Amino acid sequence: MTTSATPTETGLVLKPHEWPGRLIIVEGIDGSGKSTQIRLLQRWLESLGFLVFFTEWNSADLVKKTTKRGKKNRSLTPTTFSILHATDFAHRLVTNILPPLKAGMIVLADRYVFTAFARDVVRGCDREWVRKVYQFAPKPDIAFYFRVPIDTALRRITQTRQVLKDFEAGMDLSLHVDPFESFKIFQGRILDEYDQMSAENAFVVMDATLSIAEQQRIVRAVTTERLSNYSRKPRIA
Amino acid sequence: MSAPLQFFGAGLPYLPPSDYPGVLITVEGTDGVGRTTQIVMLRNWLEVQGYGVVETGWTRSPLIGRTIAEAKQGRVLNPLTYSLLYAAEFADRLEKEIIPALRSGFVVLADRYVFTAFARDVVRGVDRRWVRDLFGFAPIPHLMLYLRIDVATLIRRVIARGMIDYFEFGMDMAMGADPYNSFKRYQTMLLREYNQLAREFGFHIVSASQKPERIQQSLREIVSKFFASRRFQGTPGSALDATDGNIDSGPPDRLLQSQAT
């Protein structure tokens, strides 16, 4: 269903950073288990004595009131939705992500710009435009993409909290009157977008149907390898 | 007669195809040049002739305007978020006011347009290419008016007005604690950017150091010529030459040639 997506080469890739810290991010649709995995990674890195800073999408509240107001009366267009989230991200980047990176710490981010690349395009924004807007974001040192079939994701969500949020199901896009069907269509398109950007952005693609422990073993192995040139006490500017 | 809208970049891909018989006129100029006064007069003049006019202004979006005001108050904005918030505000007005009005054949008078962001954000240190790309969803105006002023005149005018605005004075840019120096440096950089944009985009330049009535006359002349060249008629039977009596018939400014787009 989602394996047929042909890669879209936009040529607009993020630029690598040169700060002493390391940026590790996780991406995937809701219910892919990415948050569980990043939490386990955090515990492990901390147990090894690394200084870790965790941040998640939408934790900044610069535009929270506006997006809330807009979502309530459905007055956000795809473009305003996109830019408001970019504003929020830029705020989070400058205040939360860059300082620990510059200070030589390990930053773990639950969702990064790729969430916007997928979601905003599905909502109707131009693919290249969205990538241009986020050109200010540094390229992560590791990007884990948790790939999961829609049905598995849906089952995980409904088992843990029984309700689907309207926006997670893309209800405002009027794809289907039934939230479950709408979720499948909407998240299916998101999945396609992730698949298409995977190669260009050097995602570490994880089979998110594996057991939690098995996935974590892989995550830790990849992290160990990629952090081999990371200095725990780097010289900072 | 009505051409499709042209955009700076990819535009808004999800817009349903439509005719846009309206006309988008933008008025740019730094703080204190009398932009708003001129627009009010221009609007009256157009309405007397029977044109439907919709006015739109920077930061006036009901959804996001307040967010900007609050964020400025709290001084939590960095150059990136400053730029992005204004882009969101503009996008909101574009899709809810400007585009519907153009679709319905109105003359849209925009009090500031994306050029304000192009100038301000670059002065604040944001990448020039990036700001342009960000606003790739904006339509290219049909007519761009620019009220140009020199720094000395501007400084006196703003000081006489008696209000010191933190951002207008560029004091978020940490150029020192002295408001006068900060304002002068900020506005000098801003005017340099505007003048460059004027050349790049073919603004119709009107000197803002003249008397308001003279400025208005020049603006009307430019608009009349533009309407005539475009054969634009907002209302059946509204004849542009009915107002020719109000306009000085001096030699046309060399900058008044209709632009090539």
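Please refer to the structure higher up on the page.
Before going into details, it helps to say that this report is about the structure given with it.

Conventions used here
Residues numbered from 1 in each chain as written. Chains lettered and ligands numbered in written order. Predicted model: local features only at pLDDT ≥ 70, side-chain atom pairs only at ≥ 80, totals over all residues. Helix = DSSP H or I, 4+ residues; strand = E, 2+ residues; numbered from the N terminus. Rg over C-alpha atoms; globule rule 2.2 N^0.38 Å. Buried ≥ 20, exposed ≤ 12 C-beta atoms within 10 Å, placed from the backbone. Contact = placed C-beta atoms within 7 Å. Pairing = 2+ DSSP bridges. Axes fitted to C-alpha atoms, helices over the stretch in contact; angles between N-to-C directions. Core = buried A, V, L, I, M, F, W, Y, C linked by C-beta atoms within 7 Å. Nonpolar A, V, L, I, M, F, W, Y, C, P; charged D, E, K, R; others polar. Parallel < 35°, antiparallel > 145°, perpendicular 65-115°, else oblique. Left-handed = near helix turned anticlockwise from the far one by under 90°.

1. Focus on the overall build of chain A
Argument step 1. What chain A contains, in helices and strands, is eight helices and seven strands.
Argument step 2. Relative to the compact-globule value of 18 Å for 237 residues, chain A shows a C-alpha radius of gyration of 18 Å, a close match.
Argument step 3. Projected onto its principal axes, the C-alpha coordinates of chain A cover approximately 55 × 35 × 35 Å.
Argument step 4. Burial statistics for chain A: of 237 residues in total, 44% are counted as buried.
Argument step 5. At a minimum sequence separation of 6, the contacts of chain A that also span at least 24 residues come to 82%.

2. Here we look at the sheet that holds strand β2 (residues 53–57) of chain B
Residue and element names in this part refer to chain B.
Argument step 1. Sheet architecture is open: five strands sit in the order β2-β3-β1-β4-β5, paired in parallel fashion. Sheet topology places β2 and β5 (204–207) at the edges, where each strand pairs with a single neighbour. Taken over all neighbouring pairs, the strand axes of this sheet differ in orientation by 20° on average, direction set aside.
Argument step 2. The strands touched by helix α3 (residues 79–103) are β1 (23–28), β2 and β3 (107–111); relative to β2, the strand with the most contacts, the crossing angle is about 160°.

3. Focus on the pairing of strand β6 (residues 142–147) of chain A
All names here are of chain A.
Argument step 1. Across the six residues that make up β6, a large majority, six, are buried.
Argument step 2. Where burial is concerned, the two faces of β6 agree: the one with Ile142, Phe144 and Phe146 and the one with Ala143, Tyr145 and Arg147 are both buried.
Argument step 3. Pairing between strand β2 (residues 22–27) and β6: four bridges, direction parallel. Across the sheet, residue Ile24 finds its bridge partner in β6, namely Ile142.
Argument step 4. Direction of pairing for β6 relative to strand β7 (residues 204–207): parallel, over a ladder of four bridges. Residue pairing in the sheet places Tyr145 in a bridge with Val205 of β7.

4. Section: the nonpolar core
Side chains of nonpolar character tend, in soluble globular proteins, to be buried together.
Residues and elements named next belong to chain B.
Argument step 1. The biggest cluster of nonpolar side chains holds 128 residues, and the ones touching the most others in it are Ile25, Ala87, Val108 and Leu145.
Argument step 2. A per-element tally of this core places α3 first, with 14 residues.
Argument step 3. Residues within four places of Leu145 in sequence aside, it is in contact with Ile25, Thr26, Val27, Phe203, His204, Val206, Leu219 and Ile222.

5. Points about the pairing of β1(B)
Residues and elements named next belong to chain B.
Argument step 1. For β1, the buried fraction is high: six of the six residues fall into the buried class.
Argument step 2. Burial of β1 is two-sided: the residues Val23, Ile25 and Val27 facing one way and the residues Leu24, Thr26 and Glu28 facing the other way are all buried.
Argument step 3. The sheet contact formed by β1 and β3 spans five bridges and is parallel. What sits directly across from Leu24, in β3, is Val108.
Argument step 4. Sheet analysis places β1 next to strand β4 (residues 143–148), joined by four bridges and oriented parallel. By the bridge assignment for β4, Glu28 is matched with Tyr146.

6. Considering the interface of chain B and chain A
Argument step 1. Residue-level contacts link 25 residues of chain B with 26 residues of chain A.
Argument step 2. If you list the elements that add at least two residues to the side of chain B that touches chain A, you get α2 (65–74), α3 and α5 (128–134) of chain B.
Argument step 3. When residues in the side of chain B that touches chain A are grouped by element, the largest group, nine residues, is from α3(B).
Argument step 4. When grouped by side-chain class, the residues that make up the side of chain B that touches chain A number 17 nonpolar, five polar and three charged.

7. Some details on the packing of helix α6 (residues 150–161) of chain A against helix α7 (residues 179–197) of chain A
Residue and element names in this part refer to chain A.
Argument step 1. Viewed as axis vectors pointing N to C, α6 and α7 meet at an angle of 125°, and their least axial separation amounts to 10 Å. As summarised for this structure, α6 and α7 are arranged oblique, according to the angle between their axes. Two packed elements cross with a definite hand, and for α6 against α7 that hand is right-handed. Contact with α6, carried on its side by Ile150, Ala153 and Leu154, involves Phe180, Phe183, Lys184, Gln187, Gly188 and Leu191 of α7 and no other residues of that element.

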